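So you can see what is in the structure, the chains are spelled out below.
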Amino acid sequence: MDESGLKMSRRIRRTPFTEQVENHNVSGYTVVNHTLLPKSFGKTLEEDYWHLKEHVQIWDVGCQRQVQIKGKDAARFVQWLTPRNLSNAKSGKCFYAPLITEDGKIINDPVLLKLSNEKFWLSIADSDVLLWVKGLAVGSNMKVSIKEPDVWPLAVQGPKAQDLMVEIFGGEIENLKYFNFNWFSFDKQKQLIARSGYSKQGGFEIYLKGFELGSKLWKKIWEVGRKYKIRAGSPNIIERIEAGLLSYGNEMTLENNPLECGLDKYCCFSNDVEYIGQKALQKFQEIGVNKVIRGIRFSGHPQKPCSKPWRVSSKLTGEYVGEITSGVYSPYFQTNIGLAMIKKGFWDEKTTVSVLSEDGMSYDGEVCDIPFTAT
């Protein structure tokens, strides 16, 4: 690994797949949950985008750490963590379940996997949920144990993902519905596989149990995937923005509540269930919000992904109305697009705005719904 840009230490964790990532010409990393996340493999962002939409990719997303909650009170404790009503949650299913603080702000937006009534995994975005949950467990006196298990997700994404996975794991994998999981055999060991992933192209996430199996699993997928034009890849920001997939730390932080981020449908505002931050969230619903996540299309030459927020102003008055938190040029829609937090009074579709991009130029734009669709 070229360490000229990222100095490695024990504080930055490798995954079971890092060795194989290095063998496939990784050209850039970021760090999520103190763990390496490959970001590029020598292809342009647009080349990677079209390949993901047409073929199949293998992603090392081992940085998507799991927080395991196990014990007699696990179901009650998990419900206490999230405003999503889980009273009818069944084992074998995944649930998008935002976690909020006592003042109703988002601490993470994990995928919750229910393995049984007494065992759950939180598959987390980039914030220290393990420490948060451990502290709450101690304070609650509920009968639960909290740990980070030896589980490392590997994603297979793209329209050819199912054909590839059937060859390795058998035809039963075709029966998996979206956001459902089951157990499949690999190297004589049972592995959890979910029909899920951080793209809208379709695919699966293998929650590998056993660090030592990482290279063997990767090599098997790669070998079978050659006929499907497989490539090593990572979540593609163009595809993510087009699909309206939010990124914790970008579109939402501890400064935001779920209503601002369009997550109302994942929240229970009644007193049917009890959870942390309930009164605060009910108050936000009562008084309403002053800003929400929206999409923006804007003109100008093709923009590279923004490394800092781009200012959005009213085209009519020039006043500040929000900022684009993730933006890029879309080759599919042939225009620049972005996800933005926009103030009340300016978030209606087709509201005209000006975008001050990273190149210092101002471009004409308009507010739109997400996910992005053809105009």
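Scroll up a little and you will see the structure.
Structural notes, computed from the coordinates. As the structure is a prediction and not an experimental result, all values here were calculated from the model. (Residues numbered from 1 in each chain as written. Predicted model: local features only at pLDDT ≥ 70, side-chain atom pairs only at ≥ 80, totals over all residues. Heavy atoms only, no water.)

## Comments concerning the overall build of the protein
Here comes step 1: Within the protein, the regular secondary structure consists of eight helices and 21 strands.
Here comes step 2: Since a compact globule built from 375 residues should have a radius of gyration of about 21 Å, the 21 Å found for the protein is in line with a globular shape.
Here comes step 3: Along the three orthogonal principal directions, the C-alpha set of the protein runs to about 65 × 50 × 40 Å.
Here comes step 4: Burial statistics for the protein: of 375 residues in total, 56% are counted as buried.
Here comes step 5: In the structure as shown, the protein presents an accessible area of about 17,400 Å², 48% of it carried by carbon and sulfur atoms.
Here comes step 6: Across the protein, the mean location of the 49 positive side-chain charges is 5 Å away from that of the 44 negative side-chain charges. (Helix = DSSP H or I, 4+ residues; strand = E, 2+ residues; numbered from the N terminus. Rg over C-alpha atoms; globule rule 2.2 N^0.38 Å. Buried < 20%, exposed > 50% of the residue type's maximum accessible area, 1.4 Å probe, protein only. Areas by Shrake-Rupley, 256 points an atom, 1.4 Å probe, with all protein chains shown as cover. Lys, Arg positive; Asp, Glu negative; His and termini not counted. Charge placed at Lys NZ, Arg CZ, Asp CG, Glu CD.)

## A closer look at the packing of helix α3 (residues 74-81) against helix α4 (residues 129-140)
Here comes step 1: In contact at an axis separation of 12 Å, α3 and α4 are set at 120 degrees when each is read in the N-to-C sense. Considered as vectors, α3 and α4 are oriented oblique to each other. In this structure, the crossing between α3 and α4 has a hand that is right-handed. For the pair α3 and α4, contact is made by Phe-77, Trp-80 and Leu-81 and by Val-133, Leu-136, Ala-137 and Ser-140, respectively. (Axes fitted to C-alpha atoms, helices over the stretch in contact; angles between N-to-C directions. Parallel < 35°, antiparallel > 145°, perpendicular 65-115°, else oblique. Left-handed = near helix turned anticlockwise from the far one by under 90°. Contact = heavy atoms within 4.5 Å.)

## Considering the pattern of salt bridges
Here comes step 1: Tallied over the entire structure, the rule returns 11 salt bridges.
Here comes step 2: Salt-bridge contacts for Arg-65 lead to Glu-148; the nearest nitrogen and oxygen are separated by 3.4 Å. Pair noted here: Arg-65 is in the loop between β3 (57-60) and β4 (66-70) and Glu-148 is in the loop between β10 (145-147) and β11 (151-157), with a separation of 83 residues, a long-range link.
Here comes step 3: One network of salt bridges, in which partners are shared, links Arg-13, Arg-65 and Glu-148. (Salt bridge = Lys/Arg side-chain N within 4 Å of Asp/Glu carboxyl O.)

## Description of the pairing of strand β12 (residues 181-186)
Here comes step 1: As paired strands, β12 and strand β13 (residues 189-194) are joined by six bridges and run antiparallel to one another. Paired with Ser-185 across the bridge in β13 is Lys-190.
Here comes step 2: What sits between β12 and β13 in their antiparallel hairpin is a turn of two residues, with Asp-187 showing a positive phi close to 55 degrees. (Pairing = 2+ DSSP bridges.)

## Description of the layout of surface pockets
Here comes step 1: Size it by volume and the second largest pocket reaches roughly 150 Å³.
Here comes step 2: Around the second largest pocket, the lining residues are Thr-44, Leu-45, Glu-46, Ile-238, Gln-303, Lys-304, Pro-305, Val-328, Tyr-329 and Pro-331.
Here comes step 3: At the level of elements, α2 (45-54) and β18 (320-330) are the ones that each hand at least two residues to the lining of the second largest pocket.
Here comes step 4: When the residues that make up the lining of the second largest pocket are grouped by side-chain class, the tally is six nonpolar, two polar and two charged. (1 Å grid on protein atoms, 1.4 Å probe; cavity = no way out; pocket = protein on both sides within 12 Å on 5 of 7 lines; lining within 4 Å. Points joined across faces, edges and corners; volume = space filled by probe spheres on them. Nonpolar A, V, L, I, M, F, W, Y, C, P; charged D, E, K, R; others polar.)

This is a description of form; function is not addressed.
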